[in-house]
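Geometric and topological summary
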Amino acid sequence: MLHILQCSSSVSLRHTKGIPGDCMPGPPRPRTIVNATNSSSDMQTKAIANVNGTSLIPETLEEMASDIDFQQTAERLRRHGQAAITREEKQKRQRSLDRIGVPSFGSMVKDKGGIAMKRQEASILQLNIGLYCNQACSHCHVESSPKRTEMMDRSTAEQCIRLMRAKAGSLTTVDITGGAPELNSQFKFLVESARGQGLEVIDRCNLTVLLEPGQENLAQYLADWQVHVVASMPCYSPTNVDQQRGHGVFDRSIKGLQALNAVGYGQPGSGLQLDLVYNPNGIFLAPAQSKLEGVYKEELQQHFGIVFNNLFCLNNMPIKRYVDYLQRRNKLEEYMQMLVEGFNVAAADGVMCRNTVNVGWDGRVFDCDFNQQLDMGIRKRGDGDGKGMTVFDLESLDELTGRSIAIDNHCFGCTAGSGSSCQGAVA
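First, a word on what this report is: a plain description of the structure on this page. Numbers given to residues run from 1 along each chain, matching the order in which its sequence is written. Two thresholds apply to this predicted model, a pLDDT of at least 70 for residue-level local features and 80 or more for giving and counting side-chain atom pairs, whereas whole-chain, interface and lining totals are computed over all residues. Only hydrogens and water are set aside when side-chain values are computed; all heavy atoms of the structure are taken into account.

**Digging into the sheet that holds strand β2 (residues 173-177)**
Spatially, the eight strands line up as an open sheet ordered β6-β5-β4-β3-β2-β1-β7-β8, and their pairing is mixed. The outermost strands of the open sheet, each flanked by one partner alone, are β6 (310-313) and β8 (365-366). For two strands to be treated as a pair, DSSP must find no fewer than two bridges joining them. Secondary structure is summarised from DSSP: a helix means a run of H or I of at least four residues, a strand means a run of E of at least two, and numbering begins at the N terminus for each. Judged from the four bridges that link them, strand β1 (residues 124-128) and strand β7 (residues 356-359) form a sheet pairing that is parallel. Looking at β7, one finds that Ile124 is bridged to Thr356.

As structure tokens, then:
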């Protein structure tokens, strides 16, 4: 029987019958509470010293080698290739929707009176600069791990910077993701170039990277460049986090958060923004951010002395590792039905792909990070070979304004309930 733990006792969720009421199944295990008034240097030293300079990567590789799901996926990739598996995923989602008589995503938006799925002027440039990561999370839609070698090179990074300059005035944010983007050689180059143009820079941080050997000064670097940190933290208890993200990840994540707090992140008046991201560890939709955020703040402050600014609640997208998870448990149809029943036209009107341009590590251009992983690139006009557009085909991001957004059945994941975007709920 599938056992799902929900990350809050005080939050009422849709479609959660039979799910336990708290992500902490018993009393919190004893923890040393860090005094938030300690000096910056003392707190950071305490947070980092406890990991003894060890990398998470060997443990991640060991878990991957012993995890049946990972091994089955690796064997399918070896036999069939990524393109064939991506097509199979789409077919599985569509069969699930066909069985419950659901129209296409585009038809649903139109029938519900939603705004046409067209691109607006780009205000966010999202860069997925590589798939290499020190973790291998069970829900990861980009299938990152220490075994992935795909990384953005300097020439692609330089062209992204040229596009930032060409969009001066209306572009507000550069959103850097991965993998673990901080482990890419172009990360600091992109951060410093974007900040030099006065743009907000978001680092989508897995927290454990702050404790990797060679990254001891990363928290201070992010603070020095006033980078907005959006950190993955799918629960406030070790059971759920380690189940989803790997053994020992919770403890390292706590230490990573303490290191960020030590240099000012999340502290009142510091100007250093620290937001956390929650996604369900099971087959249910993300709860309302406003309800779960208070629980997170209370738990993390009380037990670990941690403070942060906002909590973003995201639905799990039915692609890649998560769709494998659902399929192996014969839950894909149930999940797709849940997404369809939770369709919110206001969320469809606010989806991030309307004002975000996504760029892959190889320079290919997409409407969103999910489309990137499904190889649904933005096509060049009159493109007959189907290779899609790259950053080198663009003089300005304005060339994309007004174009139709590439949509398919996975898009129901962004429009269910309060909706999901990389900046949290959209409705």
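Read on for the rest.
**Description of the packing of aromatic side chains**
Ring pairs shown here join Phe, Tyr and Trp side chains whose ring centres sit within 6.5 Å, with only the six-membered ring taken for Trp; geometry is labelled stacked below 30 degrees between planes, edge-to-face above 60, and tilted in between. Inspection of every chain in the model, using the stated rule, returns nine aromatic pairs. For the pair Phe105 and Phe343, a centre-to-centre distance of 6.3 Å together with 75 degrees between the ring planes defines the contact as edge-to-face. Here Phe105, found in helix α5 (residues 105-111), pairs with Phe343, found in the loop between α13 (332-341) and α14 (345-349); they are 238 residues apart in sequence, far enough to count as distant. Phe343 matches Phe105 in its accessibility class, with the two residues each being buried. Ring geometry for Tyr322 and Tyr325: centres 5.5 Å apart, planes at 15 degrees, overall stacked. Of this pair, Tyr322 and Tyr325 both sit in helix α12 (residues 320-328), separated by three residues, roughly a single helical turn. Relative accessibility thresholds used throughout: buried, under 20% of the residue-type maximum; exposed, over 50%; partly exposed, between the two (1.4 Å probe, protein chains only). Look at Tyr322 and you get buried, because its relative accessible area is 3%.

**A look at the environment of Cys368**
Looking at where Cys368 falls in the secondary structure, it is placed in the loop between β8 and α15 (369-373). On a C-alpha basis, the gap between Cys368 and Cys422 in space is 9.6 Å, while along the polypeptide they are 54 residues apart.

**Thoughts on the packing of helix α3 (residues 68-80) against helix α4 (residues 82-99)**
Axis definition: a line fit to C-alpha positions, over the contact stretch in the case of helices; interaxial angles, taken between N-to-C directions, run 0 to 180 degrees. Contact pair α3 / α4: the axes reach a minimum separation of 7 Å and the direction vectors enclose 115 degrees. As judged from the angle between their axes, α3 and α4 are roughly perpendicular. In this structure, α3 contributes Arg76, Leu77 and His80 to the contact, and α4 contributes Gln82, Ala84, Ile85, Glu88 and Lys92. When an angle is under 35 degrees it counts as roughly parallel; over 145 it counts as roughly antiparallel; between 65 and 115 it counts as roughly perpendicular; any other value is oblique. Whether two residues are in contact is decided by their heavy atoms, any of which lying within 4.5 Å being enough.

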